Amino acid sequence: MGIDIKKASESERKAEYNRIATEMGDDQFFTKKELNHLPEILMDGEQVLAFTSGLMDGNTWLITLTDKRIIFLDKGMVFGLKQTVIDLDKVNSVSGETGMFFGKISIQDGASNRTIKN
């Protein structure tokens, strides 16, 4: 079980992000802005289980799996934060494909299908 990201100090949060990134094989390079905003979006006591970055709708997004939901975050270059959330009990299916260098994950809920590439 990880730490409470919402209540953790900046150094504890960074250490936890590094631990998760190492487990997931993510370098955090394209999602530092989104990771900085993640504590604001998390609910009290919500545990981050995994995260990765990928392309969706032409932008790089941080995709975070928690014990309650899947959170998609895209922080704009200058301003703005796009956020989409799928509660885990609303997920109908998750499928994945792997290629030589990159993969693809599709997550479907009752309303839409989201495909994350690379």
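Computed from a predicted model, the values in this text were never measured in an experiment. (Residues numbered from 1 in each chain as written. Predicted model: local features only at pLDDT ≥ 70, side-chain atom pairs only at ≥ 80, totals over all residues. Heavy atoms only, no water.)

Some remarks on the overall build of the protein
Condition: Put simply, DSSP H or I for four residues or longer makes a helix, DSSP E for two residues or longer makes a strand, and each gets a number counted from the N terminus. Using C-alpha atoms as the atom set, the radius of gyration is obtained and then compared with a globule rule of 2.2 Å times the number of residues to the power 0.38. For every residue, the accessible area (1.4 Å probe, protein chains only) is compared with the maximum for its type, and the residue is labelled buried under 20%, exposed over 50%, or partly exposed between those bounds. Contacts: residue pairs with any heavy atoms within 4.5 Å of one another. Exposure was quantified through the Shrake-Rupley algorithm and a 1.4 Å probe, taking into account, for residues, occlusion by the shown protein chains and nothing else. The sign given to each residue is positive for Lys and Arg and negative for Asp and Glu; His and the chain ends receive no count. Charge placement uses NZ in Lys and CZ in Arg. For Asp and Glu, CG and CD serve respectively.
Across its full length, the protein holds two helices and seven strands. Secondary structure elements in the protein, listed N-terminal to C-terminal, are α-α-β-β-β-β-β-β-β. Scaling as 2.2 N^0.38, a compact globule of 118 residues should have a C-alpha radius of gyration of about 13 Å, and the protein matches this with 14 Å. Counting only C-alpha atoms and orienting by the principal axes, one finds that the protein spans roughly 35 × 30 × 30 Å. Sorting the 118 residues of the protein into buried and exposed places 36% on the buried side. Restricting the contact set of the protein to residue pairs at least 6 apart, pairs at least 24 apart contribute 35%. Here the protein displays about 7,200 Å² of accessible surface, and carbon together with sulfur accounts for 53% of that area. Taking the 15 positively charged and 18 negatively charged side chains of the protein as two groups, their mean positions are separated by 3 Å.

Digging into the packing of aromatic side chains
Keep this limit in mind: Centres within 6.5 Å make a pair out of two Phe, Tyr or Trp rings, where for Trp the six-membered ring is used; the pair is then stacked when the planes are under 30 degrees apart, edge-to-face when over 60, and tilted otherwise.
All chains considered together, the criterion is met by one aromatic pair. With 5.9 Å between their ring centres and 90° between their planes, Tyr17 and Phe51 make a pair best called edge-to-face. Of the two residues, Tyr17 sits in helix α1 (residues 10-24) while Phe51 sits in strand β1 (residues 48-56), which places them 34 residues apart along the sequence.

Concerning the pairing of strand β2 (residues 59-66)
For the record, the criterion: Paired strands are those between which DSSP finds at least two bridges.
Relative to β2, β1 is paired through eight bridges, and the arrangement is antiparallel. If you follow Ser53 over to β2, its bridge partner there is Leu62. Sheet analysis places β2 next to strand β3 (residues 69-75), joined by four bridges and oriented antiparallel. Residue pairing for β3: Leu65 is matched across the bridge by Ile70.

Digging into unusual backbone geometry
Positive phi values are uncommon outside glycine, yet Asp57 reaches one of about 55°. Mapped onto the elements, Asp57 comes out in the loop between β1 and β2. Residue classification places Asp57 among the exposed positions, given a relative accessible area of 71%.

Here we look at α1
Spelled out, the test is: Helices are assigned an expected span. That span is 1.5 Å times one less than the residue count. The arc under discussion is defined with respect to the helix axis, by the directions toward the C-beta atoms.
Here α1 is 15 residues long and its end C-alpha atoms lie 21 Å apart, about the 21 Å a rise of 1.5 Å per residue gives. Looking only at α1, the buried set comprises Arg13, Glu16, Tyr17, Ile20 and Ala21. An end-on view of α1 places all buried positions within 135° of arc, on one side of the element. Across α1 from its buried face, at more than 90 degrees, point the exposed residues Ser11, Lys14, Thr22 and Glu23. Positioned one or two residues after α1, Gly25 has a phi angle of 75°, which is positive.

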